[in-house]
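These are the residues of each chain, in order.
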Amino acid sequence: MGGTNRDSSCKTANYKLEKYPASLMCTNCKIVSQLPADPGIHFSIGLEDCKTIVGESAELVCKLSKADCKGVWYKDGKEITGSTEGLTISKDGTTHKLKIHKVSEEFAGKYKFESEGRKTEAVIIVEDPPRFNTKDLEGFAKPRVIKTNQRAEFKIPFIGHEPMKVQWYKEGEELAPYVNCKIEISEGHSRLVLNKQQRKDSGEIKLKIKNEFGTAEAITSLVVLDKPTPPLGPLEIIEATSNCIEIKWRPPKDNGGCPITHYHLERNQVGRNTWKKIGQIPGEAHYKDTDVDHGKRYCYRIRSETSEGISEVMETEDVQAGTKAYPGPPSAPKVVSAFKDYITLSWVPPTDTGGSNILGYNLEKRKKGSNLWGLVHPPEEPIRTKKYDCKDVIEGMEYEFRVSAINVSGTGEPSTPSEFVFARDPKMRPRFTDLKIKSFMVVRAGNSAQFNINFVASPWPEIIWLKDGVPVPKRVTISNTEGGSQILIASAERSDSGIYTIIVKNIVGQETLSIEIRVTDEPKPPGPVELDENVPFTVTVSWTPSPDEKRDDRLHYIVTKRDSSKRTWHTVADRIFNNKFTVCNIMPGREYQFRVYAKNDMGLSAPSESQKWLITPKTCNLERPPKFLLPLKLHSAPEGYECYMSCAVRGDPSPHVTWYRNNISINTDTNYLITNTCGVCSMLILRVGSKDTGEYKVVADNPLGRAECSTHLTVRGKAFNYLRPLT
């Protein structure tokens, strides 16, 4: 579709036309003019090249400086009249339009509008890429569901400029005609037929069409239904007692495209040649067999069933009813707390239960230096929980503990011993052991963020993680080990940025530690760049902020410059935390262009580029009293960070500039970096402190007068005492 010229381009063109009575052309607006001595009318907006697609509309627009002027439209040198079929020519005040209602290839060409000796030209390029009708594409995208050995057919019409290359793909591999694959291609239509399809043939089907103007794709999927594959082992024995065998298995690897409705079970008593049909059970992969004899061994055949049929059989290993199967050892007991009259311990149940439920635990203790273990509870009263307060201790003695699990078969092997612990009231509080703990971490969005904290504490502490003062979200994984804790964000997002605080506390006391995690990415580029000349021989470059500026307080900008004498880009300013910068030493008669980049901890954005800028040499008397063109702005900076203030002043002779803080001159104070270049007055505080709060004033004077402007700096305190500013 036809676009619209930017006013700044046209103003530049008008300036040239009015100043120089010669034959000129505006490269931005494509305005060609043969100027007489009296400039007369001119184009304020010229035609622009237009690229469009067959079947769409297109519009060319230009604008004259006067409303009472008439003009003539041409295509490829031939005049266009209002009666030309498919075209509408209109005029609204100073605006002249040519609209093509439905573009076809014959409308491509060079168009010109001419009025009173002025003319502007543009080219309409007509493209005809491959494309599909939206409804056809939606219908094509619906999956084709067939049964095994059936035929699948895919077809869809398309339009576009011939010749077109048509390709069919299955699971990313291009298809070629063969015994079970037939491809038909005709004008505006293609069909794919796949015969005798099997379950393994399920997958993505894609049609790709390409011509000189582009590529179009249509994607769908093929689902071939079949009976399921057999259930999967190994068999999990939940319980194997004298009167019950309870087993679990895994569902089939492939359900054939349909949900499992039933399982078919048969049972064989080892040593016999017959199989007993147990029958159908619901689709849960679990069965409890209560018709067993103590000491006998059994095996099972299991088949899965769907609406498409019954699978092949899975035969299990033998399972004995009522066998003596002892549980494995639990984990080593962990000391939860220790006092002079009791020690509290906890443990994790064994992974191997021996095929039956855990009925309880035996806990034993041993003095340091002794070989004798003894129960800490009566033998007939096993511990029913996974935590126990051992009161059978002597103050000042050092002990270790071990635990054994009990099931219907008896007591299993004991665990490895716990660490030695004194029976005495605790004397240490939690303490972090890492000497150099980072307080700040930058993570690229999409990557994982991981942080480990090591500590010592006795008794075992409670560990709490917070994000910005509230519990961490569920997507954050916390792993606690003896003497340490780890936080893991598997795939970090920007919303994961924040202050993460670990609280480690026990009955003696607590310690906290925080880290700031910032999730970011390469910044998006700034918006449009504008140029203004507020002070002679300077250019003020301003731009719309990057969309990432509000959510990244470390984002800043870099300005680069190129002029017609060098043609190479070089940096004129870095670490700009606002959206404006004044460039000095702009030479009249040279053409300049500027680029602005956004930068953060991850890197640079793509540049935003200004229009070209030209200052015409002028001769005039510039003597004037000082005047501030850009005053100081209010500033608020966090403690420990830098603060940059700037303003622009003009005057001839060049004014003398003095900076004041609370009415005291700071021009010679080494704590402030003060510069005055081409009327741009700037002051930088490298590390802001509370002492820097107050009123800042700039006074400019020359023999013709005096001017001043002021602002106020507010210093914000640190959010957390443990955070340090980055250098």
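No experiment lies behind these values; they were computed from the predicted model shown.

1. A word on the state of the cysteines
Phase 1: The tally for this structure, following the rule as stated, stands at 0 disulfides.
Phase 2: Of the cysteine sulfurs around C244, a residue in no disulfide, the closest is that of C299, at 17 Å.
Phase 3: Here C647 stays unpaired: no disulfide links it, and the sulfur of C709, its closest cysteine neighbor, is 4.4 Å away.
Phase 4: The exposure class of C647 is buried, given its relative accessible area of 3%.

2. Here we look at the UniProt feature "domain: Fibronectin type-III" (unreviewed entry) in the protein
Phase 1: Residues given the UniProt feature "domain: Fibronectin type-III" (unreviewed entry) here are residues 231-326, 329-426 and 525-619.
Phase 2: For residues 329-426, the helix share is 0%, the strand share is 38%, and the end-to-end C-alpha distance is 29 Å.

3. Considering the pairing of strand β44 (residues 498-505)
Phase 1: Burial within β44 is extensive, with 7 of its 8 residues counted as buried.
Phase 2: Pairing analysis gives 6 bridges linking strand β40 (residues 462-467) to β44, with the strands arranged antiparallel. Paired with W465 across the bridge in β44 is I502.
Phase 3: Where β44 meets strand β45 (residues 510-520), 8 bridges bridge the pair, whose relative direction is antiparallel. Bridge assignment links I503 to a residue of β45, and that residue is T512.
Phase 4: Between the end of β44 and the start of β45, which pair antiparallel, lie 4 residues.

4. With respect to the UniProt feature "domain: Ig-like" (unreviewed entry) in the protein
Phase 1: On the UniProt side, "domain: Ig-like" (unreviewed entry) is annotated at positions that read residues 39-125, 430-520 and 626-714 here.
Phase 2: The span residues 430-520 is 0% helical and 59% strand by assignment, and the distance between its end C-alpha atoms comes to 33 Å.
Phase 3: Secondary structure across residues 626-714 comprises 0% helix and 64% strand; the distance between its end C-alpha atoms is 28 Å.

5. A closer look at the packing of aromatic side chains
Phase 1: Throughout the structure, instances matching the rule amount to 9 aromatic pairs.
Phase 2: Plain terms: the ring middles of W73 and F113 are 4.9 Å apart, the flat faces sit at 55° to each other, and that makes the pair tilted. Residue W73 is located in strand β6 (residues 72-75), and its partner F113 is located in strand β10 (residues 109-115); the two are separated by 40 residues in the primary sequence.
Phase 3: Look at F113 and you get buried, because its relative accessible area is 0%.
Phase 4: The interplanar angle of 65° and the centroid separation of 5.6 Å between the aromatic rings of W347 and Y361 together place this pair among those described as edge-to-face. Of this pair, W347 sits in the loop between β30 (343-346) and β31 (360-367) while Y361 sits in strand β31, and the two are 14 residues apart along the sequence.
Phase 5: Judged by relative accessible area, which is 5%, W347 ranks as buried.

6. Here we look at the side chain of T540
Phase 1: Note on placement: T540 falls in strand β47 (residues 539-543).
Phase 2: Residue class for T540 comes out buried when judged on its relative accessible area of 4%.
Phase 3: Ignoring sequence-local partners within four residues, the contact set of T540 consists of E530, L531, D532, N534, K580, F581, T582 and L630.

7. Things to note about the sheet that holds strand β41 (residues 470-471)
Phase 1: In space, the 5 strands of this open sheet follow the order β38-β45-β44-β40-β41, with mixed pairing throughout. Looking along the sheet, the strands with just one partner apiece sit at the ends: β38 (440-444) and β41.

8. Some details on the environment of I219
Phase 1: Tracing the chain through its elements places I219 in strand β19 (residues 214-225).
Phase 2: Using a relative accessible area of 40% as the deciding quantity, one classes I219 as partly exposed.
Phase 3: Along the primary structure I219 and I80 are separated by 139 residues, whereas in three dimensions their C-alpha atoms are 44 Å apart.
Phase 4: Those residues in contact with I219 that lie beyond four places of it in its chain are F140, A141, E204, I205 and K206.

9. So, the environment of I489
Phase 1: Within the element layout of this structure, I489 appears in strand β43 (residues 484-489).
Phase 2: A relative accessible area of 1% means that I489 is categorised as buried.
Phase 3: Distance from I489 to P329, taken between C-alpha atoms, is 33 Å for residues 160 residues apart in sequence.
Phase 4: Residues in contact with I489, not counting those within four places in the same chain, are N447, S448, A449, R475, V476, D496 and Y500.

10. Topic: the pattern of salt bridges
Phase 1: Applying the stated criterion to the full structure yields 37 salt bridges.
Phase 2: Its salt-bridge partner being R191, residue E153 comes within 3.0 Å of it at the nearest N-O pair. Linking E153 in strand β13 (residues 152-157) with R191 in strand β17 (residues 189-194), this pair joins segments that are 38 residues apart in sequence.
Phase 3: Given a relative accessible area of 27%, E153 falls into the partly exposed group.
Phase 4: For R191, a relative accessible area of 18% puts it in the buried group.
Phase 5: One salt bridge connects E364 with R402, and the closest N-O pair in it is separated by 2.8 Å. Pair noted here: E364 is in strand β31 and R402 is in strand β34 (residues 398-407), with a separation of 38 residues, a long-range link.
Phase 6: On the basis of relative accessible area, E364 is assigned to the buried category, the value being 14%.
Phase 7: Each of R151, E153, K155, K182, E184 and R191 takes part in salt bridges that share partners, so that together they form one network.

Criteria and thresholds
Residues numbered from 1 in each chain as written. Predicted model: local features only at pLDDT ≥ 70, side-chain atom pairs only at ≥ 80, totals over all residues. Heavy atoms only, no water. Disulfide = S-S within 2.5 Å. Buried < 20%, exposed > 50% of the residue type's maximum accessible area, 1.4 Å probe, protein only. UniProt positions renumbered as here; feature names shortened; annotations may be inferred. Helix = DSSP H or I, 4+ residues; strand = E, 2+ residues; numbered from the N terminus. Pairing = 2+ DSSP bridges. Phe/Tyr/Trp six-rings, centres within 6.5 Å; stacked < 30°, edge-to-face > 60°. Contact = heavy atoms within 4.5 Å. Salt bridge = Lys/Arg side-chain N within 4 Å of Asp/Glu carboxyl O.

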